[in-house]
Amino acid sequence: MIALATLLILPIFGALAVVAVPGQAARVAAAVAVLSGGALAVLIMAVAKGGSVQILPGGWGAPLGIALEADGLAVAFMAMTVAVTAAAIALAARTPAIGTPFWALVMLTWSALNVIYVSRDLFNMYVGLELLTLAAVALVATGGTSALAPALRYLFFALTGSLLYLAGVALIYAAHGVLDMAHLAEAPLQATDGVALALMTAGLLVKTAVFPFHAWLPPAHAAAPPPASALLSALVPKASFVILMRLWFDAVPDAATRSLLLTLAILGALAVAHGGVLALRQDRLKQIVAYSTVAQIGYLMLVFPLAGGGGAAQPWAAGAWSGAIFHALAHGLAKAAMFLCAGIWIMAAGSDRLDDLRGLARALPMTAMAFGVAAVTLMGLPPSGGFTAKYLMMTSAFASGQVVLAIVLLAGGLLAAGYLYRPMEALFARVVPDHRPVSRLLQAVPLLLALLAFAMGLFSDAVYAFLQTGRPGAAEGGL
Amino acid sequence: MSVALPIAILLSSLIPALASFFLAQESHMWRNLLSLGGAVIKLGLVVAMLLAVAQGAAYEVQLNLAPGLHLLLRIDALSLLFMSLSAVLWLLTTIYAIAYFGTKAELSRFFGFFSLCVAATTGLAMAGSLISFFVFFEMLTLSTWPLVVHKQDDRSLAAGRRYLAYALPGSVALLVAIVWLESVTGPVLFTDPPDLSAVDPVSLRGIFVLFVAGLGVKAALVPLHGWLPGAMAAPAPVSALLHAVAVVKAGAFGVVRVVYDVFGLITVQDLGLGTPLAVAASVTILWGSLRAMQQEEIKTRLAYSTVSQVSYIILGAAVAGPFATIGGLAHLVHQGLMKITLFFCAGIYDERAGAKRIDALNGMGARMPVTSICFSLGALGMIGLPPMAGFVSKVYLGIGALQAGENWVLAVLAASTLLNAAYFLPILYRLWFLPAADIARGDERSPMLVIPAVITALASLAVGVFAASPLSPLGWASLIVAREYAP
C-alpha cells in the first residue's frame, strides 16, 4: 500500500535531506509533515473502509520475511504522531536556539515511531526501539550543557531496558524459532517463556518510564528544549507501551497470570500517586508537566487487569483495551500542547518558573486557553478524549468488580486537578507582565493540539470504531 | 420528532460564547450585540418550543459517543420549566451585565464564559440521560471558574480555588454514582427509569448517597456549602446568575431528577432514604439562615440565604407527597426570581452608592427608591409574606409534609420563616426608617441596571398573585407532578 510506504519512508528521507541542506532544515521538516499528513489521510480512509493494510517487504511474508501491518491502533498512533510532530516543528521553527541536529533527530524519532507502530516482529521492534532511544537521548542533549547529565542518565536507563528486552527476544527465538507475533500466538508455550516475557516486560517498563523505573523521565523531559519535550513526553514512552500491548494482547495472551496483571496495575497505581504528588511540589512548569507524564503513564498499566482474568469472554475487556488506547492518544495530544505552551511562555517571559508566568493569560490568551483545554483532558473531564478513556476504563472496573482500579483513576484525576491548577492560577494572576510578544499564529499551534484531544471525546464514536480495526482477539476475550 | 430546535437552543448560547473569545477587547458593540442577540434568540426559540410542546410536539436528539456514552437531549415538562427560567433570567442578566461592566477590561473572556455557562445550564435542562446530565454538569463547573476569578485579585483566586476544591470531588462522587449504577442497569434514561431490582439495596443506598453528595456540593447542601459564600468575590452579575439559575440550581435540579426520574419516589421511600434527605435539607435550611444572620456584608448574607432557600427544593423532592413536590418545583422558579432581584439590587447599591455592607444601607430608600422597593419585594418574598411567591412555595411544602405524615417539617418551615424575617427585616428597616449618613451618595441613573431588577421583582410578585393560573410556575409544577404521580 503506497500511502503506508510513503508514511514510513518520508521521515527517513527527511532526516537525510536535513543533513544535506542544513540551511533549509525547517522547510524540509515542514514539507515532510505536510506530505505525511496527506498520506495519512489516504491511509485512514483505506483502513476505515477496507480494514488493516499490510506491506510485505521483498514480497516475503512471515516467518521468513517481516510483515508490516497498519491496523486501527497503528494508524491512530501514526496520526497522533503526525499532529504532535507537525506542531513541534512549527514551534521549533520559531525557537532561536534550535540547530540542525534537532531537525535530523526529530526525523529519526519519527521514523522509529512509525516502524514500531506497524511492526509485528519482536526483533524488528527492537531495532525500532533502539533507533528511537538513541534519537530521543540525543534530542534531550540538544538542550545545552545543563541537559547533558539528564541525557546521560536517560541513556543508561534506556540501554538497560534495551538489553533486557533483547535478552527476552533471544530466549523466545531460541525456544520457538519465530519472532512474528501471529506465529507466536499459535505456538505452545515453552519452559523458558516465563523468563523471556519477564525480561521483555521489564525492559519495556523501563522504556515506558513506569514506576519505579521512571527516575530518568522528569529531568530529561524538563531539560530538553520544549519542542523536543513535546515529542519525548507525548510519543516516545507510548512506543514502548504499544509494544507492551501487542506483546501481551497479540503474541502471548494465554501466558498472562493474575499475579502478573496485578503487579503491572500496582506499579501503575504507584506511578499515579508518586507522579501526582511530586508534580504538586514542583515550581517549574516543565517539571510539573514531566511528573504529570509519570502519573498519566500509570493509568495505562491499569489496562492489564481490567482487560484480563482467565480468558473467558468478557464484555468489558474491549472497553478497557480501547480506553487505554484512548488515554494514550488523548494524553499525547494534550501533553504536547502543554509543552508547546511552556515553550511559548519561555519565549515570552524568559523562564518557566510559575512565579514568572504570573499574569500571562492576559498577554497570551490563546495559550492560556490551550493549557486549560489540555488540562481538562488530563483531568478526564467531559466531553474530552481523556474523559472517554476514563469512562471506558471505569466502566470495565465496575463491571469486572475491580472497584479499586476505578478509585485509582479518580484519585489520579483529582491529583491532576491539583497540580494543573497551580499553573492556571499563576496565569490568571492580576499582574501586568513584562513580556516579549508572540505571534497569534504560533499561539494557535498548542490550541489546535488541545482542541484535537478534546474533539477525540466529542467524536469518540468514530474513533472507537476505527480503533477496533484489526483489534486482537484477546482485547475482547480477555487476557 | 424534531431535531433542530433543541440544537438551535443550545447553539444560541454556544455560538456567542465561542465567538466572544475571538473578539478584540475594544469591540464592545459587537460583543454586546452577540450576547444580547443570543439571549433574545434563545428566549424566542424557547417560547416556540413551549408552544409546540403544548400542541403535542416531542423533541429528541442523540449524539453517540463511545459505547455506553452518548449525549441525549430530550424535552420533558421539567426541562422546559428549568429552561424557560434560565432563558428569561439570562436575557435580563445580560442586559444588567452590559451596564454593570461598561467598558472594563477582559470582557471578551467574561462574556465568552458567561454564555458558555448558560449553554451548559440549558444542556443540563435538556439532558435526557444521566451521562448527558453529567457532561453538561461538568461543563458548568469549568465554565464558572473563570467567572468566579474574574477580578483576578487574591480574594477571587482564593474563592476560585475553594470552588474547585469542592466542585471537583463532587464531580467524582457523581461520576462514581453514575458508573456504579449503569454498570448494573445499563445507560439510564430519564424517561425510562431503570429496573433497580437487579441492584442490591445496600449498593442502591450507597449510590444514592453518592448522587446526593455529588449534586449536594453544587446545591450547597450543608456541610458541602463552604464554597458558596466565598464565591461572592465574583462580580454581581455572576453572583446573580450563579444563585438564581446556574450552579446552585443545577445541583437542586439534579437532585430532583435523581429522586423522580432515576430512583423514583417509591423506591426512595422504600429504601428509607426520603426522610434522611429531608432532614439534610432541613438542617441546611436552618443552618443557612442562622449563618446569614451573622453576616455584615450584603452579598454574603444573600449567599447564606441561598444556601437555605435552595434546600426548599430538595425538601420538596424528599417529602413523598404531591403537594410537597409541587411546592419544591415551584420554588425552583420562585427562588430564582426573588434571589436574582436581590442580587441585582445588591449590585446596584454597590455600583451606584458604594454600599457593600449592610450598615451602609441606612436611609437608602429615599435616595434609591426603585432599587429599594425591588429589594424589599424580594426580601418579603423570601420571608414568605402572602401573597408573594415564597409564601406559595411554603404553603405547598407544608401541606405536602402533612400529607406524608412528616409533621416536623412544619416546624422547620415556621422556624425558617422567623429566621428569614430576622435577617431581612433589619435591612428593610435600615433602608426605609433609619436616617442616611452625612456623606452618603447614591443614585439610580443607570436604567439598564434598574430595569432588570424591576422586571424580576414584579415577576416574583406576579407568580405569587397569579399562582392559580395554569401558566404560573405553580400551575406548571402541578402539571409535572400530576404526570409523576399518575399510575
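Rules of the game
Per chain, the residues get numbers from 1 upward, laid out in the order the sequence is written. Each chain gets a letter, beginning with A, and each ligand a number, beginning with 1, in the order they are written. Totals for whole chains, interfaces and linings use all residues, but because this is a predicted model, local features are given only for residues with pLDDT of at least 70 and pairs of side-chain atoms are given and counted only at 80 or more. Water and hydrogen atoms play no part in the side-chain values, which are based on all heavy atoms of the structure. Secondary structure elements are taken from DSSP: a helix is a run of H or I of four residues or more, a strand is a run of E of two residues or more, and numbering for both begins at the N terminus. A simple rule labels every residue: compare its accessible area, found with a 1.4 Å probe on the protein chains alone, to the largest value its type can have, and call it buried under 20%, exposed over 50%, or partly exposed in between. Residue contacts are defined here by distance: any two heavy atoms, one from each residue, within 4.5 Å place the two residues in contact. Only the protein chains shown count as covering a residue, and every accessible area follows the Shrake-Rupley method with a 1.4 Å probe. His is not counted, nor are the chain ends, whereas Lys and Arg count as positive and Asp and Glu as negative. All charge positions are set by atom: Lys at NZ, Arg at CZ, Asp at CG, Glu at CD. Each salt bridge in this description consists of a side-chain nitrogen of Lys or Arg and a carboxyl oxygen of Asp or Glu lying within 4 Å of one another. By this rule, a helix spans an expected 1.5 Å times one less than how many residues it contains. The reported bend at a residue is simply the angle between two axes, fitted to the 7 residues ending at it and to the 7 residues beginning with it. A quick way to say it: buried area is the sum, across both parts, of accessible area lost when two parts are put together, with a 1.4 Å probe. Think of a polar contact as two N or O atoms within 3.5 Å of one another; within protein, one of them needs to be a possible hydrogen donor and the other a possible acceptor, and neighboring residues in sequence only count if both atoms come from side chains. What counts as an axis is a line fitted to C-alpha atoms, over the stretch in contact for a helix, and the angles between N-to-C directions run from 0 to 180 degrees. Should an angle lie under 35 degrees it is considered roughly parallel, over 145 roughly antiparallel, and from 65 to 115 roughly perpendicular; all remaining angles are considered oblique. Nonpolar residues are Ala, Val, Leu, Ile, Met, Phe, Trp, Tyr, Cys and Pro. Charged residues are Asp, Glu, Lys and Arg, and all others, Gly as well, are polar. The definition of a nonpolar core used throughout is a set of buried Ala, Val, Leu, Ile, Met, Phe, Trp, Tyr and Cys residues joined through side-chain atoms within 4.5 Å. We call two strands paired when DSSP finds no fewer than two bridges between them. The quantity known as pLDDT measures the predictor's confidence residue by residue, on a range of 0 to 100. Every patch collects residues that have over 30% relative accessible area and no salt bridge, joining them within 9 Å if they carry like charges and within 5 Å if they are nonpolar side chains (Val, Leu, Ile, Met, Phe, Trp, Tyr).

*Asks:* I'm lost on the overall build of chain B in this one. Help?
*Replies:* Within chain B, the secondary structure is distributed over 20 helices and 2 strands. Referenced to the eigenvectors of the C-alpha coordinate spread, the extents of chain B come out at roughly 70 × 55 × 45 Å. Taken over 487 residues, chain B has a buried fraction of 63%. Considering only intrachain contacts with a sequence separation of at least 6, the fraction spanning at least 24 residues in chain B is 80%. Carbon together with sulfur atoms contributes 69% to the accessible area of chain B, which is approximately 16000 Å² in total. Charge separation in chain B, taken as the distance between the mean sites of 26 positive and 23 negative side-chain charges, equals 8 Å.

*Asks:* How do you make sense of the overall build of chain A when you look at a structure like this?
*Replies:* Looking only at helices and strands, one finds 22 helices and 2 strands in chain A. The 479 residues of chain A split such that 63% are buried. A total of about 15800 Å² of accessible surface is found on chain A, and carbon and sulfur atoms cover 69% of it. In chain A, 22 side chains carry a positive charge and 17 a negative one; their mean positions are 13 Å apart.

*Asks:* For this particular structure, what's the right way to read the pattern of salt bridges?
*Replies:* Side chains that carry opposite charge are capable of pairing whenever their charged atoms lie near each other. Applying the stated criterion across every chain yields a total of 14 salt bridges over all chains. With a shortest N-O distance of 4.0 Å, Lys207(A) and Glu130(A) are connected by a salt bridge. One end of the pair, Lys207(A), is in helix α8 (residues 193-208); the other, Glu130(A), is in helix α5 (residues 122-141), and 77 residues separate them in sequence. Lys207(A) gets classed as buried once you look at its relative accessible area, which sits at 8%. With a closest N to O distance of 2.8 Å, Arg257(B) and Asp76(B) form a salt bridge. Of this pair, Arg257(B) sits in helix α10 (residues 247-263) while Asp76(B) sits in the loop between β2 (70-74) and α3 (77-101), and the two are 181 residues apart along the sequence. Judged by relative accessible area, Asp76(B) falls into the partly exposed class, the value being 23%. The structure contains a network of salt bridges with shared partners spanning Asp71(A), Arg120(A) and Arg246(A).

*Asks:* I tried to follow helix α18 (residues 408-433) of chain B on my own but got confused; where do I start?
*Replies:* The periodicity of an α-helix, 3.6 residues per turn, causes residues three or four positions apart to be oriented the same way. Residues and elements named next belong to chain B. In a regular helix each residue adds 1.5 Å, so 26 residues correspond to 38 Å; α18 covers 37 Å between its end C-alpha atoms and thus fits that length. Considering bend angle alone, the principal kink of α18 is centred on Phe424 and spans about 30°; proline Pro426 follows within four residues of it. Looking only at α18, the buried set comprises Val409, Val412, Leu413, Ser416, Leu419, Asn420, Ala421, Tyr423, Phe424, Ile427, Leu428 and Leu431. For α18, the elements touching its buried residues are α12 (274-293), α13 (298-318), α14 (322-353), α15 (364-367), α16 (369-383) and α17 (389-403).

*Asks:* Got a minute to help me understand the interface of chain A and chain B in this structure?
*Replies:* When the parts of a complex come together, some accessible area is lost, and that lost area is often taken as the interface size. Taken together, the contact pairs 30 residues of chain A with 33 residues of chain B. The contact between chain A and chain B buries some 3000 Å² in all, and 76% of this surface belongs to carbon and sulfur atoms. Among the residues chain A hides against chain B, the three largest losses belong to Tyr391(A), Tyr421(A) and Phe428(A). Together they make up 23% of the total. Counting every contact that joins chain A to chain B gives 1 salt bridge. Where Arg161(B) meets Glu425(A), a salt bridge forms, and the shortest distance between an N and an O atom there is 2.7 Å. In this structure, the connection of chain A to chain B is made through 9 residue pairs in polar contact (both at pLDDT 80 or more). Listed by contribution, the elements that provide at least two residues to the side of chain A that touches chain B are α17 (365-379), α18 (385-399), α19 (403-427), α20 (440-458) and α21 (460-467) of chain A. The biggest single contributor to the side of chain A that touches chain B is α18(A), with 9 residues.

*Asks:* What should I look at first to understand the packing of helix α1 (residues 4-21) of chain B against helix α2 (residues 28-54) of chain B in this one?
*Replies:* Between two packed helices, the angle of one axis relative to the other and the distance separating the axes together describe the packing. Residue and element names in this part refer to chain B. Look at α1 against α2: their axes get within 9 Å of each other, and the N-to-C directions meet at 170°. By the criterion of interaxial angle, the relationship of α1 to α2 is roughly antiparallel. Each of Leu5, Pro6, Ala8, Ile9, Ser12, Ser13, Pro16, Ala19 and Ser20 in α1 lies in contact with α2, whose residues at this interface are Arg31, Leu34, Gly38, Ile41, Lys42, Leu45, Val46, Ala48 and Met49. When its residues are assigned to classes, the contact of α1 with α2 shows 12 nonpolar, 4 polar and 2 charged.

*Asks:* What's the story with the side chain of Ser108(B) in this structure? I'm lost.
*Replies:* Residues and elements named next belong to chain B. Position of Ser108 relative to the elements: it lies in helix α4 (residues 107-126). Engagement of the side chain of Ser108 in a polar contact is seen with the backbone oxygen of Leu23, the distance being 2.9 Å. For Ser108, the side chain forms a polar contact with the side chain of Arg31, separated by 2.9 Å.

*Asks:* For this particular structure, what's the right way to read the nonpolar core?
*Replies:* Nonpolar side chains in soluble globular proteins tend to end up buried together. Formed by 383 residues in total, the largest nonpolar core has its most connected members in Leu122(A), Tyr165(A), Phe304(A), Trp345(A), Phe211(B) and Phe263(B). Ranked by the residues each element gives to this core, the list is headed by helix α15 (residues 317-349) of chain A, at 23 residues. In this view, Trp345(A) contacts Leu285(A), Gly350(A), Ser351(A), Leu357(A), Leu360(A), Leu364(A), Thr367(A), Ala368(A), Phe371(A) and Leu427(A); residues no more than four positions away in its chain are not counted.

*Asks:* Explanation requested: the pairing of strand β1 (residues 60-64) of chain B in the structure shown.
*Replies:* Each regular strand carries side chains that alternate between the two faces of the sheet. Residue and element names in this part refer to chain B. In this sheet, β2 lies alongside β1 in antiparallel orientation, the contact comprising 5 bridges. Counted as the bridge partner of Glu60 is Arg74 from β2. The turn joining β1 and β2, which pair antiparallel and follow one another in sequence, is formed by 5 residues; a positive phi near 90° is taken by Gly68.

*Asks:* Looking at this structure, how should I read the pairing of β2(B)?
*Replies:* β2(B) sits mainly inside the fold: 5 of its 5 residues count as buried. Residues His70(B), Leu72(B) and Arg74(B) line one face of β2(B) and the alternating positions Leu71(B) and Leu73(B) line the opposite face, and both faces are buried.

*Asks:* Any chance you could explain the side chain of Thr341(B) here in plain terms?
*Replies:* All names here are of chain B. With respect to the element layout, Thr341 can be found in helix α14. For Thr341, a relative accessible area of 0% corresponds to the buried category. Looking at Thr341, its side chain comes within polar contact range of the main-chain oxygen of Leu337, at 2.6 Å. In this view, Thr341 contacts Cys374, Ala453, Thr456 and Ala457; residues no more than four positions away in its chain are not counted.

*Asks:* Looking at this model, I keep getting lost on the confidence of the model for chain B. Mind explaining?
*Replies:* Across chain B, the average pLDDT comes to 89, with 98% of residues at 70 or higher. Per-element confidence in chain B is highest for helix α7 (residues 201-219) of chain B, whose mean pLDDT is 94, and lowest for helix α20 (residues 473-485) of chain B, whose mean pLDDT is 82.

*Asks:* Would you take a moment to explain the environment of Ala67(A) for this structure?
*Replies:* All names here are of chain A. On the secondary structure map, Ala67 appears in the loop between β1 (53-55) and β2 (68-70). Put simply, Ala67 and Val195 are 128 residues apart on the chain and 26 Å apart in space, counted from C-alpha to C-alpha. Once residues lying within four places of it in the same chain are set aside, the contact partners of Ala67 are Gln54, Ile55, Leu56, Val118 and Arg120.

*Asks:* Help me understand a nonpolar patch on the surface, please; the structure alone is not making it clear to me.
*Replies:* Side chains of Val279(B), Val283(B), Trp287(B), Leu290(B), Met293(B) and Trp408(B) sit close together on the surface and give an oily, nonpolar patch of about 500 Å² of accessible area. Tracing the sequence through the fold places Trp287(B) in helix α12.

*Asks:* Any chance you could explain unusual backbone geometry here in plain terms?
*Replies:* Glycine aside, residues mostly have negative phi, and peptide bonds are mostly found in the trans state. Cis geometry marks the peptide bond from Phe211(A) to Pro212(A), where omega comes out at 0°. For Pro212(A), the location among the structural elements is in the loop between α8 and α9 (217-223). Each neighbour pair has its own omega, and for Val222(B) with Pro223(B) the value is 5°, a cis peptide bond. Here Pro223(B) shows up in the loop between α7 and α8 (227-230). One non-glycine residue, Gln152(B), lies in positive phi territory at about 60°. Tracing the chain through its elements places Gln152(B) in the loop between α5 (130-148) and α6 (154-185). Backbone geometry at Ala220(B) places phi at a positive 60°, although glycine is not the residue there.

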